[in-house]
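What the coordinates show
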Amino acid sequence: MSKKFKHMETAMIHEGYDSKELLGSLTPPIFQTSTFTFDTAEQGEARFAGEEEGHVYTRVSNPTVQILEQKLAALEKAEKGLAFASGMAAISAVLIALTKANDHIICSSGLYGCTFGLLSMMDKKYNIQTDYIAMTDAESIEGKIRPETKVFYIETPINPTMEVIDLKLVIDIAKRHNILVVVDNTFSTPYLQRPLELGADVVVHSATKYLSGHGDVIAGIAAGNNELMEQIAATTQKDIGGVLSPFDAWLVVRGMKTLPLRMDKHSDNALQITEKLKQHPKIKHVFYPGDPDAEGYSIMKKQMKSGGGTLSFEIDGGKKEAQTFLNKLQFINIAVSLGDTETLIQHPATMTHAVIPDEQRRKMGITDALIRLSVGIEAWQDIWEDLEQALT
Ligand SMILES: *Cc1c(COP(=O)(O)O)cnc(C)c1O
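Residues numbered from 1 in each chain as written. Predicted model: local features only at pLDDT ≥ 70, side-chain atom pairs only at ≥ 80, totals over all residues. Heavy atoms only, no water.

An unreviewed UniProt entry lists the protein chain under the name L-methionine gamma-lyase, with Oceanobacillus oncorhynchi as the source organism. Note on the protein chain: under the UniProt heading Cofactor (unreviewed entry), the record states "pyridoxal 5'-phosphate". Database annotation for the protein chain, UniProt heading Sequence similarities (unreviewed entry): "Belongs to the trans-sulfuration enzymes family. L-methionine gamma-lyase subfamily." (UniProt positions renumbered as here; feature names shortened; annotations may be inferred.)

Now the structure itself:
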């Protein structure tokens, strides 16, 4: 039920919901119910047969959850969205639905630790092999394509190295070879980047992060065309069953209303902190796609509105120095997750990416000195003051 607003800020608030349809309730009601009653046995039969529209059971559909699904689909310019109990529930439902045993996946050289875990499991259980490649030039990508290659799986910016991948370049290659492109758009959200507009087939999100934005819910979303989304809904979503609860959907919908405001502030703050970190003698490298000196800056400008709110940096030293630095912080919390109002800091090598074997992790550029910072929406001067005193 897309209303097609011209501006994203308006769409973020109004898409997916019309108060007039629900007793004028300004905010959406939470349909906290497991099942839906039928007027007659015949109506039940018709709903199960898909001959009559209407809800049956909350694992299959729920009105509050649908508000979120429609909102996200409208923002990503997708035909249909599906909500899940977590980002990983969304990613696993998509990848398992789109592949079968002995297929092949080509993936960006870095990615979220648990997605790596999922792909390793799919390899062990179903011989679905994954090649991790830099995806910077057409030749090296095409060189890896096999007859069984089914999916390109891309994270951009890559967590936690913050490299950006040229989506247009990769999508054009995929199209020529009839390969589906799945993009994890968690770090950017549709406010900053819309991979489907560039031709990707499916976007997945951890809505736990920027979309909900307040660190109070675990949620995931996938969006794409009707055919693919219905395939996922009817198979892995329904039968594996990692669906989102109505209350959690409501929290994400509420969070999304302020996404543009938050995202602009996250991005502005991240740029300020990048500038400061770059000048500090104890910092070796700063990785932020919004930094005009960053390697991927021109690609970022092409496909993103701004660099987003997450950056990473290497301090002088190794694991011990990184941990000492984290322990000295005063108000910045040591925690995984990102995209919350609060600034969060973590050590990928021992936390989010600890599941990746040492050698592969180093190949992905995740050294023991690398620290990931999710810059919150506090005053950047306070964030910097805390970082600076801990560095000293
Ligand atoms: C957090 C995250 C996930 C997983 O999401 P959950 O909601 O924690 O299951 C997937 N991809 C990226 C890029 C993430 O940051």
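Notes on the overall build of the protein chain
Helix and strand counts for the protein chain come out as 15 helices and 12 strands. Relative to the 2.2 N^0.38 estimate, which gives 21 Å for 392 residues, the radius of gyration of the protein chain is 21 Å and therefore close to what a compact globule would have. On the principal axes, the C-alpha backbone points of the protein chain span a range of 75 × 50 × 35 Å. Each of the 392 residues in the protein chain was classed as buried or not, and the buried ones make up 54%. Expressed as a percentage of contacts within the protein chain between residues at least 6 apart in sequence, the contacts between residues at least 24 apart total 71%. When the accessible surface of the protein chain is totalled, it reaches about 17,200 Å², and 51% of it is carbon and sulfur. Looking at the protein chain, you have 39 positive and 51 negative side-chain charges, and the mean spots of the two groups are 2 Å apart. (Helix = DSSP H or I, 4+ residues; strand = E, 2+ residues; numbered from the N terminus. Rg over C-alpha atoms; globule rule 2.2 N^0.38 Å. Buried < 20%, exposed > 50% of the residue type's maximum accessible area, 1.4 Å probe, protein only. Contact = heavy atoms within 4.5 Å. Areas by Shrake-Rupley, 256 points an atom, 1.4 Å probe, with all protein chains shown as cover. Lys, Arg positive; Asp, Glu negative; His and termini not counted. Charge placed at Lys NZ, Arg CZ, Asp CG, Glu CD.)

Let's talk about the pattern of salt bridges
Working definition: two side chains of opposite charge can pair if their charged atoms are close together. A complete count under the given rule lists 15 salt bridges for this structure. The residue Glu 52 makes a salt bridge to Arg 47 at a minimum N-O spacing of 3.0 Å. For Glu 52, a relative accessible area of 29% puts it in the partly exposed group. Note on Arg 47: relative accessible area 18%, which makes it buried. Between Lys 238 and Asp 239 there is a salt bridge, with the nearest N and O atoms lying 2.9 Å from each other. (Salt bridge = Lys/Arg side-chain N within 4 Å of Asp/Glu carboxyl O.)

Some thoughts on the sheet that holds strand S12 (residues 370-374)
What the 5 strands build is an open sheet, ordered S8-S9-S12-S11-S10; its pairing is mixed. Of all the strands in the sheet, just strand S8 (283-287) and strand S10 (333-334) have a single pairing partner and so form its edges. Pairing of strand S11 (residues 344-346) with S12 involves 3 bridges; the strand directions are antiparallel. Note on S12: the bridge partner recorded for Gln 346 is Arg 372. Running at roughly 10° to strand S9 (residues 310-315), helix H11 (residues 259-278) makes contact with S8, S9 and S12 of the sheet. (Pairing = 2+ DSSP bridges. Axes fitted to C-alpha atoms, helices over the stretch in contact; angles between N-to-C directions.)

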